[in-house]
Amino acid sequence: MSAEPLLAGEMPLAEVMARLRQDRPVFHSEADLQHSFARVLWDLAPKIQSRLEVRQHAPDAAGAEYLDLLCIGPSARTAIEFKYFTANWTGAAGSVPEEYALKSYAATDLARLGFVSDIARLERFGNRPDQNGLALLITNAAGLWTPPKPGGKPTRDRDFRIHEGRALAGQLLWGGGDYKSNTRALHGSYPLNWQPYSLQDGPRGEFRYVAVFTDS
């Protein structure tokens, strides 16, 4: 089995996530996650420079497109897209307790579409031989990592399911192909392996993450 790709050729993602969950077991928002990730990466690997909201120049872009985080190492780079999808949860977390009031912002089908879209974007942005991509999703919505029940009614996002053990590959059709604008085509094949992030008190207090690396 090949080793996990490195961030900017320098740092294993597992080490960053271990430190991140220690420092920030919960986030207020996706922007909070982005900033916290960049700060932890700087602490662990000072050689890696981090740049937030970097405009991309993909030739097939319909308009301006921005990358959440670009990590620049001495010999390699990593483009990162983040998703932080939350279900309702209120409580305190952290070594110095901090109050959080998380809300449910969207349906889980749109969360799946957004994550798959991030992978497709990273494939398009990866036009440098020294650059890989990372799509990272952290959530406390168990429906995202839980497989659907056998024999259930087909849903419009069935091709976009991202539960544990699934692999994303090829052309993914939304609603069986009735919504062309939501079709996503992936060049690579990406098995999904969810990892524990943090466990908090109360309903929906379990957080997990899934990470997908795209090739350089």
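Above this text sits the structure in question.
The sections below set out a description of the structure shown in this document. All values derive from a computational prediction rather than experimental measurement.

**Describing the overall build of the protein chain**
Here is step 1 of the chain: Across its full length, the protein chain holds 4 helices and 12 strands.
Here is step 2 of the chain: A compact globule built from 216 residues would reach a C-alpha radius of gyration of about 17 Å, and the protein chain, at 17 Å, matches this within 12%.
Here is step 3 of the chain: Taken along the three principal axes of its C-alpha coordinates, the protein chain extends 50 × 45 × 40 Å.
Here is step 4 of the chain: The long-range share in the protein chain, meaning contacts at least 24 apart out of those at least 6 apart in sequence, stands at 59%.
Here is step 5 of the chain: In the form shown here, the protein chain has an accessible surface area of approximately 11000 Å², with 52% of it arising from carbon and sulfur atoms.
Here is step 6 of the chain: Of the charged side chains in the protein chain, 24 are positive and 25 negative, and the gap between their average positions amounts to 4 Å.

**A closer look at the nonpolar core**
Here is step 1 of the chain: Ranked by internal contacts, the top residues of the largest apolar core, which has 32 residues, are Leu7, Met17 and Phe37.
Here is step 2 of the chain: Those elements that provide at least two residues to this core are helix H1 (13–23), helix H2 (30–44), strand E4 (65–72), strand E5 (77–85), strand E6 (89–93), strand E7 (98–102), strand E8 (131–139) and strand E12 (206–214).
Here is step 3 of the chain: It is H2 that provides the largest number of residues to this core, a total of 5 residues.
Here is step 4 of the chain: Discounting residues that sit within four places of it in the chain, methionine 17 has contacts with Phe37, Leu136, Ile138, Tyr197 and Tyr209.

**A few points about the environment of arginine 39**
Here is step 1 of the chain: Within the fold, arginine 39 resides in helix H2.
Here is step 2 of the chain: For arginine 39, a relative accessible area of 57% translates into the label exposed.
Here is step 3 of the chain: Each C-alpha atom of the pair arginine 39 and leucine 20 lies 9.2 Å from the other, and the pair is 19 residues apart in sequence.

**Let's talk about the sheet that holds E4**
Here is step 1 of the chain: In spatial order, the strands read E3-E4-E5-E8-E12-E11; together these 6 strands make up an open sheet with mixed pairing. The open sheet is flanked by strand E3 (49–56) and strand E11 (195–199), the only strands paired with a single partner. On average, each strand axis in the sheet is tilted by 30° relative to the strand beside it, whichever way the strands run.
Here is step 2 of the chain: In terms of strand pairing, E11 meets E12 through 4 bridges, oriented antiparallel. Following the sheet pairing, proline 196 is matched in E12 by arginine 208.

**Structural notes on the pattern of salt bridges**
Here is step 1 of the chain: Summed over all chains, the structure comprises 11 salt bridges.
Here is step 2 of the chain: One salt bridge connects arginine 124 with glutamate 65, and the closest N-O pair in it is separated by 2.8 Å. One end of the pair, arginine 124, is in helix H3 (residues 108–125); the other, glutamate 65, is in strand E4, and 59 residues separate them in sequence.
Here is step 3 of the chain: Of the residues examined, glutamate 65 reaches a relative accessible area of 14% and is grouped as buried.
Here is step 4 of the chain: Where arginine 156 meets aspartate 109, a salt bridge forms, and the shortest distance between an N and an O atom there is 2.8 Å. Taken as a pair, arginine 156 in the loop between helix H4 (142–145) and strand E9 (167–172) and aspartate 109 in helix H3 lie far apart in primary sequence, 47 residues in all.
Here is step 5 of the chain: Accessibility expressed as a relative area gives 39% for arginine 156, which makes it partly exposed.
Here is step 6 of the chain: Sharing partners across several salt bridges, the network here consists of Glu65, Glu81, Arg121 and Arg124.

**Re the pairing of E6**
Here is step 1 of the chain: Burial along E6 is one-sided: the residues Trp89, Gly91 and Ala93 are buried and none of Thr90 and Ala92 is.
Here is step 2 of the chain: Connecting E6 to the antiparallel partner E7 that follows it, the hairpin turn spans 4 residues, and glycine 94 within it adopts a positive phi of roughly 110°.

**Re unusual backbone geometry**
Here is step 1 of the chain: For glutamate 53, which is not a glycine, the phi torsion comes out positive at approximately 55°.
Here is step 2 of the chain: Note that glutamate 53 resides in strand E3.
Here is step 3 of the chain: Judged by relative accessible area, glutamate 53 falls into the partly exposed class, the value being 43%.
Here is step 4 of the chain: For arginine 204, which is not glycine, the phi torsion reads 60° and is therefore positive.

**A word on the packing of aromatic side chains**
Here is step 1 of the chain: Tallied over the entire structure, the rule returns 7 aromatic pairs.
Here is step 2 of the chain: Geometrically, the ring pair formed by phenylalanine 27 and tyrosine 84 is edge-to-face, given 5.6 Å between the ring centres and 90° between the ring planes. Here the residue phenylalanine 27 occupies a position in the loop between H1 and H2, and tyrosine 84 occupies one in strand E5, the gap between them amounting to 57 residues.
Here is step 3 of the chain: Given a relative accessible area of 0%, phenylalanine 27 falls into the buried group.
Here is step 4 of the chain: Relative accessible area serves as the criterion here: at 9%, tyrosine 84 is assigned to the buried category.
Here is step 5 of the chain: Ring plane angle 85° and centroid distance 6.4 Å describe the contact between tyrosine 197 and tyrosine 209, whose orientation is recorded as edge-to-face. Within this pair, whereas tyrosine 197 is found in strand E11, its partner tyrosine 209 is found in strand E12, the two being separated by 12 residues in sequence. Comparing tyrosine 197 with tyrosine 209, the two get one shared label, buried.
Here is step 6 of the chain: Chaining the aromatic ring pairs together yields one cluster made of Phe27, Tyr84, Tyr197 and Tyr209.

Criteria and cut-off values
- Residues numbered from 1 in each chain as written.
- Predicted model: local features only at pLDDT ≥ 70, side-chain atom pairs only at ≥ 80, totals over all residues.
- Heavy atoms only, no water.
- Helix = DSSP H or I, 4+ residues; strand = E, 2+ residues; numbered from the N terminus.
- Rg over C-alpha atoms; globule rule 2.2 N^0.38 Å.
- Contact = heavy atoms within 4.5 Å.
- Areas by Shrake-Rupley, 256 points an atom, 1.4 Å probe, with all protein chains shown as cover.
- Lys, Arg positive; Asp, Glu negative; His and termini not counted.
- Charge placed at Lys NZ, Arg CZ, Asp CG, Glu CD.
- Core = buried A, V, L, I, M, F, W, Y, C linked by side-chain atoms within 4.5 Å.
- Buried < 20%, exposed > 50% of the residue type's maximum accessible area, 1.4 Å probe, protein only.
- Pairing = 2+ DSSP bridges.
- Axes fitted to C-alpha atoms, helices over the stretch in contact; angles between N-to-C directions.
- Salt bridge = Lys/Arg side-chain N within 4 Å of Asp/Glu carboxyl O.
- Phe/Tyr/Trp six-rings, centres within 6.5 Å; stacked < 30°, edge-to-face > 60°.

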